[in-house]
Every structure is written in structure tokens, then in C-alpha cells.
Amino acid sequence: MTFRTRFAPSPTGPLHLGHAYSGLFAFDLAQRAGGAFLLRIDDIDASRSRPEWEAQIYDDLTWLGLTWPKPVRRQSEHLPAYRAALSYLWARGLLYPCSCSRRDIAAAASAPQEDSPPIGPDGIVYPGTCRPSHPPEGTLPETVLRLDMRRALGTLQAQALRPLLGFKEDGAGPEGQTGQIRLDPEALVETIGDVVLARGGMGGSYHLSVVVDDAVQRITHVIRGRDLFGATAIHVVLQRLLELPTPIYHHHRLIRDETGKRLAKRDDARAIAKYRADGLTPRQIREMVGL
Ligand code: GLU
């Protein structure tokens, strides 16, 4: 199996030291394996993506010494592919429309009779307010759509010849999870629940689009930060539902500030562009992130 990985930043702010580490780490692994390193622009969220941030991504990564095949895949140019995946899941009765706001979800989840709501990779686990008892009929609506997790896992379990649900971890999760990771269906229902796969006016959610893209780009190794370890369980379920291959995952350590907090897009002080302006070299950036 040739090694193909990707670095998939979202153009919603400046790249910082955490991105530099992730991109360089993936690039180095691909070089060592004699494989391919792809750059992808995860601009599915049009309301937050900006052309100037995308231009800055190309500029910063080139300065760091990364190279990648062109043209790059930009999610905003592939909305029909995400729609097709949604149509497939809809036709199998696994999606339902949801009209809850964040506030509705918080209120329903913290109703007096409930224990404190479980928090999943996307925030509070959806309490199921809009979940229908029977799959909705008709054509795919242009609205927020959730995956009926219990029903989805039920269809997978019915496919008796399927291998166990899980993935291979070449790095480590937040609690040191490594090697063959098995996913427990009941835990997926309880701790992840009915995730959003389509938002109104957007082709698909983050989870749906990365799963489609990784398959289209024939990615063999997904290399990304440990903060996305929880999301990987969702991606593996979607790969099974959509009959797509599951790549090997490598979740890497996170670059933190001096207080131990993970760097975020708004940490402009640690933006690669800022270090460039201050006269640092790419080698110094590698040293700062421990490469
Ligand atoms: N676009 C995502 C981000 O910037 C990463 C996508 C992924 O690695 O799956 O956090």
C-alpha cells in the first residue's frame, strides 16, 4: 500500500505553530515512506472561510519548505459529492431533519430530570428532540440533518460478515490509546449520538466532507492532532455506512502554550506569519515544535 497522507487546514484564520507541527510531521512521514503528501483546503464552512487565509496557507507552507501536488482539492468545489453521500444515507433512512438551536439542545439536555448532559466531539450529545420513530420519507431536504446513530449502527450490525467496528491507531489518543482500536456501538450512541451531517446552505458537515474527501483522495494515513481522536469514531462509522475504506490513523501530540492550553486560531501571537515577520527561519520553527 503506497503511503498517501494529507494536511487539511481550514482557511478560517492564521496558521499557528500547531499547524506547522502537523503539516511538517505529515510531510516528513510521507517523505520517509516514499509516499505522497497532499494539501487540502477544508473550506466547507463558507461563512467562516476567507480567500486571504487560504492565500496565507499556501504562502506559510511554502515558506516552511512543504511541497504538494496541484491543483489542491478545495471542499467548496465539491458540494455535489457531499450531497450524493447525504442522498445515499437519506435513502437508507439514516438521516432526519433537525430544527433545534444550540440553546434548545442545552435546555433539553439539562432538563431537571436529566443527569448532566454527556459531551461528545461536537458538544452536548443530542438529546433526540427531533428524532422520528420512523425514517422520514420524500426527497433529501436542504436543512440541518442528523445521523440516527442507533439506527445506523443497527444496520451495520445486521451485516453479519462485516469485521468489527474499529481502526488502527499508529500514534496515540488522549489517553494513550494505540494499536487496534475497537469501537463499542453502545458507547457511540451514549457518548457521540446523533451528529449533524448537513447544515442548511452547506454541502455537508465537517465529518461528512472529510470522510468523502479522504476516500476520493485515496488517503491511506490520516495524520492529525489528538484533539480529533473523538471525531475519528464518527468518521469510521460513516466510512462503514458509505462503504468506504478506513485509513490508518495517526493522532499526534498537540502544541500547547506555556499555560498548557492547546493553541487556537485566535492565538495570533503564535501565527507562523508573525514568526516570519520577526525574522525566524523555518529551521527555528522546526526546533520550536520539537522536530
Ligand atoms: N480541517 C480540520 C481542521 O482544521 C482538520 C481536518 C482533519 O484532519 O480531518 O481542524
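Remember, it's a predicted structure, so these values are computed and weren't measured experimentally.

Moving on, we get to the overall build of the protein. A tally of helices and strands in the protein yields 10 helices and 12 strands. Taking 19 Å as the expected radius of gyration for a compact globule of 291 residues, we find that the protein reaches 20 Å, a close match to that expectation. Along the longest, intermediate and shortest principal axes, the C-alpha atoms of the protein span 60 × 45 × 35 Å. The burial tally for the protein puts 48% of its 291 residues in the buried class. Summarising the internal contacts of the protein: among those between residues at least 6 apart in sequence, 78% fall at separations of at least 24. Here the protein has roughly 14300 Å² of accessible surface; of this, 53% comes from carbon and sulfur atoms.

Moving on to the UniProt feature "domain: Glutamyl/glutaminyl-tRNA synthetase class Ib catalytic" (unreviewed entry) in the protein. The sites that UniProt annotates as "domain: Glutamyl/glutaminyl-tRNA synthetase class Ib catalytic" (unreviewed entry) are residues 4-106 and 179-289. The straight-line gap between the two end C-alpha atoms of residues 4-106 is 40 Å; of that span, 47% is helix and 15% is strand.

Counting across every chain of the model gives five aromatic pairs. Both rings, one in Phe27 and one in Phe37, keep their centres 5.3 Å apart while their planes meet at 85 degrees; by these two values the pair is edge-to-face. One end of the pair, Phe27, is in helix 1 (residues 17-32); the other, Phe37, is in strand 2 (residues 36-41), and 10 residues separate them in sequence. An identical accessibility class is assigned to Phe27 and Phe37; each is buried. Geometrically, the ring pair formed by Phe167 and Tyr249 is edge-to-face, given 5.5 Å between the ring centres and 75 degrees between the ring planes. Within this pair, whereas Phe167 is found in strand 8 (residues 166-169), its partner Tyr249 is found in strand 12 (residues 248-252), the two being separated by 82 residues in sequence. With respect to burial, Phe167 and Tyr249 carry one shared label: buried. Within the aromatic cluster, the residues linked to one another by ring pairs are Phe167, Phe229 and Tyr249. Looking at Arg146, its charged tip hangs above the ring of Tyr126, at a distance of 3.8 Å from the centre.

Attention now moves to the nonpolar core. Counting 42 residues, the largest nonpolar core has Leu89, Leu95, Leu147, Leu197 and Leu241 as the members making the most contacts within it. If you tally residues by element for this core, the top one is helix 8 (residues 229-241), at seven residues. Discounting chain neighbours no more than four positions away, the residues touching Leu147 are Leu94, Leu95, Tyr96, Ala152, Asp194, Val195, Leu197, Leu238 and Leu241. Core analysis: the second largest hydrophobic core is formed by 27 residues, Leu64, Leu263, Ile272 and Ile285 among them.

All right, on to the site of the ligand then. Near the ligand, the surroundings consist of Arg6, Ala8, Ser10, Asp42, Tyr206, Val210, Arg224 and Leu228. Note that an oxygen atom of the ligand is positioned 3.0 Å from one of the side-chain N or O atoms of Tyr206. Arg224 has a polar side-chain atom sitting 2.6 Å from an oxygen atom of the ligand. For the ligand, the protein covers 79% of the area, taking 300 Å² as the surface of the free molecule. Considering only residue class, the shell around the ligand consists of four nonpolar, one polar and three charged.

With respect to topology, three strands assemble into an open sheet ordered 4-7-10, the strand pairing being antiparallel. Edge positions in the open sheet fall to strand 4 (95-97) and strand 10 (196-198), since each of these has one partner strand only. Going across the sheet, the axis of each strand differs from the next one's by a mean of 40 degrees, ignoring polarity. By the bridge criterion, two bridges tie strand 7 (residues 145-147) to strand 10 in an arrangement that is antiparallel. What sits directly across from Leu145, in strand 10, is Ala198. Each of strand 4, strand 7 and strand 10 is contacted by helix 3 (residues 79-91), which is oriented at about 100 degrees to strand 4, the strand it contacts most.

This next bit is on the environment of Gly179. The topology assignment puts Gly179 in strand 9 (residues 179-182). Once residues lying within four places of it in the same chain are set aside, the contact partners of Gly179 are Phe167, Lys168 and Glu169.

Structurally, Val210 can be placed in helix 7 (residues 206-216). The class of Val210 is buried, set by a relative accessible area of 1%. Put simply, Val210 and Ala8 are 202 residues apart on the chain and 8.9 Å apart in space, counted from C-alpha to C-alpha. Excluding its chain neighbours within four sequence positions, the residues that come into contact with Val210 are Arg40, Asp42, Gln75 and His235.

With 13 residues, helix 8 extends 19 Å between its outermost C-alpha atoms, agreeing within 8% with the 18 Å of an ideal straight helix rising 1.5 Å per residue. The buried fraction of helix 8 is high, at 12 of 13 residues. Residues Phe229, Ala231, Thr232, Ala233, Ile234, His235, Val236, Val237, Leu238, Gln239, Arg240 and Leu241 constitute the buried set of helix 8. Immediately downstream of helix 8, the backbone of Glu243 shows phi near 55 degrees, a positive value.

Quick notes on the rules
Residues numbered from 1 in each chain as written. Predicted model: local features only at pLDDT ≥ 70, side-chain atom pairs only at ≥ 80, totals over all residues. Heavy atoms only, no water. Helix = DSSP H or I, 4+ residues; strand = E, 2+ residues; numbered from the N terminus. Rg over C-alpha atoms; globule rule 2.2 N^0.38 Å. Buried < 20%, exposed > 50% of the residue type's maximum accessible area, 1.4 Å probe, protein only. Contact = heavy atoms within 4.5 Å. Areas by Shrake-Rupley, 256 points an atom, 1.4 Å probe, with all protein chains shown as cover. UniProt positions renumbered as here; feature names shortened; annotations may be inferred. Phe/Tyr/Trp six-rings, centres within 6.5 Å; stacked < 30°, edge-to-face > 60°. Lys NZ or Arg CZ within 6 Å of the ring centre and 35° of its normal. Core = buried A, V, L, I, M, F, W, Y, C linked by side-chain atoms within 4.5 Å. Near = heavy atom within 4 Å. Polar contact = N/O pair within 3.5 Å; in protein donor to acceptor, adjacent residues only side chain to side chain. Nonpolar A, V, L, I, M, F, W, Y, C, P; charged D, E, K, R; others polar. Pairing = 2+ DSSP bridges. Axes fitted to C-alpha atoms, helices over the stretch in contact; angles between N-to-C directions. Expected span 1.5 Å × (residues − 1).

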